[in-house]
Amino acid sequence: MIQRQVMATPMILISSKLTRPINVFKRFSAKRGLACLCKNLEGRSRYRASSFVSRQRMDVSVVPIQSGSGEYSHSPNPSARYLHSSSNMASPDLSLFTYPNETPFVELDCLAAFNALTDKEKLYAHYLSQASWYGGLIVYVQTSPEAPLIFSLIHKLVTAESVEDLKKTAIESGKATEDDVKALLVYISGILANSGNYKGFGDSKIVPNLPKERLENIILTSAAHKADPKAIETLWNACADKIYSLEHSHQHLGFGDKGTTTYFTPNCTLKDSELVGNFMKKYNLEGYNNRLFKYEDDGKTTYEVRMASVLNQQDDEPFLMKDTIYEGCTFRVTRGDYSGLLELVCQNLEKAKEYASNDLESNMLEQYIKSFRTGSLDAHKSGSTYWIKNKGPVVETYIGFIETYRDPAGMRGEFEGFVAMVNKEMSAKFGTLVAHAESLLKELPWPSTFEKDQFLKPDYTSLDVLTFSGSGIPAGINIPNYDEIRQSEGFKNVSLGNVIPTSFKGFRHQFLSEADVAMMDKFAVTAFEVNVGLHELLGHGSGKLFRKEGDQYNFDVETVINPLTNSKVTSWYEAGDTYDSKFTSLGSAYEECRAECVGLYLSLNQDVLKIFGTEGVEAENVMYTTWLNMLWAGSAKALEMYSPASKKWLQSHSQARYVILQVCLEAGEDFVKVTETEPGKNLLLSVDRSKIKTVGKKAIGDFLVKLQVYKSTGDVKSAQEMFNKYSEVSDDGAYPWARWRSIILAHKQPRQIMVQHNTKVNGNTVEISKYPATAEGFVQSWSERFSSSKVESLLESLWQKDAKYFYAEPPAKLSAAC
């Protein structure tokens, strides 16, 4: 790489108190078109922002951008750049927050499966895909205050001209290099792949891998700017500083001053979340499809629980409760969140319903439409029940506010939608696994009284994904997440068959012996299929929650014995409790850990391995690779998702795998070892495969009993104490993971970005478009994705609606000139 020279241009950073001369900022902002913001700041160091934001002061610091002391220090290695936000603050390692130019792109191919559909099935899949893509834009509003504006800005850029023309104009202007444009395209890809400027896997911020003034140069030479300079400049001015800010609270998702979230207003804390959780439990509300807004006025507090819906407060259709006083606070349930985007979702679901193959699909879509139109979570649950009953559809789909990973309280669902076609060959294997499920459940180490009274055999299919909208694409899914439906109606398991092999393309495994690397290269895909199959079906699908409803228990309170205490069970879920409401922020990592352990434990079963087409020596190798891959992920990858500054885990699956590694290390007997082979430079993980079926099985089995008992009984205190112990990242002892984290980061590989297809109606059929597995191809796919031109204005209006709640001093209105 060629080392780049950076001009000493000043950069604005806003922090905690106003001390610097405003005229310096004003000179700079005039150049950047930020005069409107200067007016708001001039002469004011303290102000009342809104009822959401407490009084605070701002520090407008002018920092020169220059090598070694400015915004970035460049080196021949572009990942070795650093951002300096103040002289007394440690500089964050920018490589943790950027996608490098060499980020790999891979095609998520489904052409064969899609082309095998009938014209009617293709139309059904197309309109479901459109509903998913439009709904996926909601995630930008759920992620950060600035994310909707970032999407609007980059979408205008990439739809105004081709990627090649954007690149050519920027380079010919002399104000940007080819590397600069590549960095911008990769940044755009990262934003679009994660549905916002925070990573879907890890929750850390995504910032551009090029200096701010270079990015601005590309924007100002673009066709989008030439067509509407006022709109482009206003958008850039409104979000530019937030795009690059790496202040502590902007580095990761989280509550209040510890992170960024738009599920809650910035004045909300964990204590507020707990209070609201108690209120919602009392009045039988759940958090999946709402956000929380807190107002404070003259010492009085009002909490607004805002439901996602097309309808707003002025519409006549009722379902909302009246204002309620609880614990001295006013609680108000409203609706209308994401209204314009949900209207587009409903329009496309209505069209999809015309091509449904049976009444179950038609009724399912009708209930989803009702849920998105009115805000009724019960309607979505009803649609999910129809979905479960629709066994083995040719085109599979699920859509709504689903996973709670990114809510700091672990209760509110991120919007997600997927559309896929059944892979019949792999689905047959999963069908066989389902047929064996009841006998496999008996092998799990907890007492039978802690298992469901009846195993409701689910539909388990392998799918080739056509569309997956949201903040990331998983390898497998077990849904719905509603406890009462899972316990009474069952669930579905989905393995995303074209995702699994794609995930391993071009991947290199570090910290292993050459023999283990060869083993992973040969058997990792099959091992991962085994693990995903067991994880989803028998991991998330197993275990009973002990409940008390009125005077009735769903277990024999007199005879069921807690195997950890050898005495009667003394805790359970009361009426209104759910797993998410009790385990809150612990819940996701804890449940993922339980499911992963079930997968490991049952991967020792030779019948399971035979179902996946392996026997004899090969089956033993697949079994070994399943354990090796899990322990490798817990050591070589997991700590990428840990924040030493806050001592917090940023990703549930990573924390779960790290915990499993610690359990196996604790087992001793040299079953698992990690050694520092080169001081400060390299590690080596080794697993004694001869001890997996003895030492490993016992360690994971004993741990599984604790995981299940604490979950079944709702014993959050014990669960938290145990899980915190194994989650600790120490800097001393035999395994100084806090110190070793720097070694792991030095070997970090960028995550792949998957390029998905688009569909387009042509007469009575649907055409499918594929794109090159490059940043250019990925960006092009998004430039052609939406049939409606409303998406930018809808996101801008949603931003405008909420801006006063998430900014101490909101930028000027987008509709007004600065």
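Residues numbered from 1 in each chain as written. Predicted model: local features only at pLDDT ≥ 70, side-chain atom pairs only at ≥ 80, totals over all residues. Heavy atoms only, no water.

Formally: UniProt positions are given in the numbering used here, feature names are shortened, and annotations may be inferred rather than shown by experiment.
An unreviewed UniProt entry annotates the protein chain as Dipeptidyl peptidase 3 originating from Thrips palmi. Of the comments in the UniProt record for the protein chain, the one headed Subcellular location (unreviewed entry) reads "Cytoplasm".

**Things to note about the overall build of the protein chain**
Heads up, the rule is: Helix and strand definitions here come from DSSP, where helices need a minimum of 4 consecutive H or I residues and strands a minimum of 2 consecutive E residues; each element is numbered from the N-terminal end. Relative accessibility under 20% of the residue-type maximum defines a buried residue, over 50% an exposed one, and the middle range a partly exposed one, all with a 1.4 Å probe and only protein chains included. In this analysis, two residues are considered to be in contact whenever any of their non-hydrogen atoms come within 4.5 Å of each other. Computed by Shrake-Rupley with a 1.4 Å probe, the accessible areas treat only the displayed protein chains as cover when residues are assessed.
Looking only at helices and strands, the protein chain has 29 helices and 25 strands in total. Expressed as a percentage of its 818 residues, the buried residues of the protein chain come to 60%. Contacts spanning at least 24 positions in sequence make up 74% of the contacts within the protein chain whose residues lie at least 6 apart. Of the roughly 31,900 Å² of accessible surface on the protein chain, 48% is carried by carbon and sulfur atoms.

**Things to note about the environment of A379**
Mapped onto the secondary structure, A379 falls in helix α15 (residues 377-389). Sequence separation between A379 and Q367 is 12 residues, and the spatial gap between their C-alpha atoms is 5.3 Å. If sequence neighbours within four positions are ignored, A379 has contacts with Q367, K370 and S371.

**Digging into the sheet that holds strand β7 (residues 300-308)**
To keep things clear, this is the line we draw: Pairing between strands is defined by DSSP: at least two bridges between the two strands are required. Axis lines are fitted to C-alpha atoms, over the contacting stretch for helices. Their N-to-C directions set the angle, which ranges from 0 to 180 degrees.
Taken in spatial order, the 4 strands of this open sheet run β6-β7-β9-β8, and their pairing is mixed. Each edge of the open sheet is held by one strand with a lone partner, namely β6 (290-297) and β8 (324-326). Adjacent strand axes in the sheet meet at a mean angle of 30° when their direction is disregarded. Relative to strand β9 (residues 329-337), β8 is paired through 3 bridges, and the arrangement is antiparallel.

**Describing the packing of helix α25 (residues 692-713) against helix α26 (residues 716-727)**
Condition: A crossing counts as left-handed when the near helix is turned anticlockwise from the far one by less than a right angle, and as right-handed when that turn is clockwise. By the convention adopted, Pro, Cys, Tyr, Trp, Phe, Met, Ile, Leu, Val and Ala count as nonpolar, Lys, Arg, Asp and Glu as charged, and the other residues, Gly among them, as polar.
Where α25 meets α26, the axes come as close as 9 Å, and the angle between the chain directions of the two elements is 145°. For the pair α25 and α26, the sense of crossing is left-handed. Here α25 contributes F703, K706, L707 and Y710 to the contact with α26, which in turn contributes S718, A719, M722 and Y726. Across the contact of α25 with α26, the residue classes tally to 6 nonpolar, 1 polar and 1 charged.

**Some points on the sheet that holds strand β12 (residues 459-469)**
Across the sheet, 5 strands lie side by side as β10-β11-β12-β14-β13; this open sheet has mixed pairing. Looking at which strands have only one partner, the edges of the open sheet turn out to be β10 (395-403) and β13 (476-479). On average, each strand axis in the sheet is inclined to that of its neighbour by 35°, with strand direction left out of account. Note that β13 and strand β14 (residues 492-496) share 4 bridges and pair antiparallel. Note that in β14 the partner of I479 across the bridge is K492. Those strands touched by helix α4 (residues 119-136) are β10, β11 (414-422) and β12, and its axis lies near 60° from that of β12.

**Here's the deal with the packing of aromatic side chains**
Our working rule: Only Phe, Tyr and Trp rings are paired, with Trp represented by its six-membered ring, and only when their centres lie within 6.5 Å; those with planes under 30 degrees apart are stacked, over 60 edge-to-face, the remainder tilted. Both a distance and an angle decide whether a charge sits over a ring: NZ of Lys or CZ of Arg must be within 6 Å of the ring centre and within 35 degrees of the ring normal.
Going through the model one piece at a time under the given rule, you end up with 44 aromatic pairs. With a centroid separation of 5.7 Å and an interplanar angle of 75°, the aromatic rings of F430 and F612 are classed as edge-to-face. Within this pair, whereas F430 is found in helix α16 (residues 424-435), its partner F612 is found in the loop between α22 (606-611) and α23 (616-637), the two being separated by 182 residues in sequence. Among the residues examined, F430 registers a relative accessible area of 0% and is labelled buried. Three or more aromatic residues joined by ring pairs form one cluster here, namely W133, Y134, Y140, F151, W782 and F786. A cation over an aromatic ring shows up here: K199 above the ring of Y99, its NZ or CZ 5.7 Å from the ring centre. One Lys or Arg, K711, reaches over the ring of Y579 and ends 5.0 Å from the middle of that ring.

**Thoughts on the environment of G613**
Inspection of the secondary structure puts G613 in the loop between α22 and α23. On the accessibility criterion, G613 (55% relative accessible area) is exposed. G613 sits 184 residues away from K429 along the chain, and the two C-alpha atoms are 8.6 Å apart.

**Observations regarding the pairing of β6**
Most of β6 is tucked away: 6 of the 8 residues are buried. Where β6 meets β7, 8 bridges bridge the pair, whose relative direction is antiparallel. Within the sheet, the bridge partner assigned to E296 lies in β7 and is T301. Between β6 and β7, which pair antiparallel and follow one another directly, the connecting turn spans 2 residues, one of which, D298, has a positive phi of 55°.

**Overview of unusual backbone geometry**
Geometrically, the link from I479 to P480 is a cis peptide bond, its omega value of 5° lying close to zero. Along the chain, the position of P480 falls in the loop between β13 and α18 (483-488). You will see that D298, though not glycine, has its phi angle at about 55°, which is positive. Among the secondary structure elements, D298 is positioned in the loop between β6 and β7. A residue is classified by how much of its surface remains accessible, and D298, at 73% relative accessible area, is exposed. For E669, which is not glycine, the phi torsion reads 55° and is therefore positive. Secondary-structure assignment places E669 in the loop between α24 (652-666) and β21 (672-678).

**Let's talk about the environment of E425**
With respect to the helices and strands, the residue E425 is situated in helix α16. For the pair formed by E425 and T461, sequence separation is 36 residues and the distance between their alpha carbons is 9.7 Å.

**As for helix α27 (residues 737-746)**
Those residues of α27 lying buried are W737, W740, R741, I743, I744 and L745. In the core, the buried residues of α27 are packed alongside α23, β19 (642-643), α24, β21 and β22 (682-687).

**Things to note about the pattern of salt bridges**
Note on pairing: side chains with opposite charge can pair once their charged atoms come close. How we decide: Whenever Lys or Arg places a side-chain nitrogen within 4 Å of a carboxyl oxygen from Asp or Glu, that contact is recorded as a salt bridge.
One pass over the structure, following the stated rule, counts 38 salt bridges. A salt bridge links K167 to E164, with the nearest nitrogen and oxygen atoms 3.8 Å apart. Here K167 pairs with E164, and both are found in helix α7 (residues 163-172), just 3 residues apart, close to one helical turn. With relative accessibility at 48%, the residue E164 sits in the partly exposed group. The partner of K725 in a salt bridge is E666, with the nearest N and O atoms 3.0 Å apart. One end of the pair, K725, is in helix α26; the other, E666, is in helix α24, and 59 residues separate them in sequence. Given the relative accessible area of 48%, K725 is considered partly exposed. In the salt-bridge network here, residues are joined through shared partners; they are R291, E304, R306, D337 and D802.

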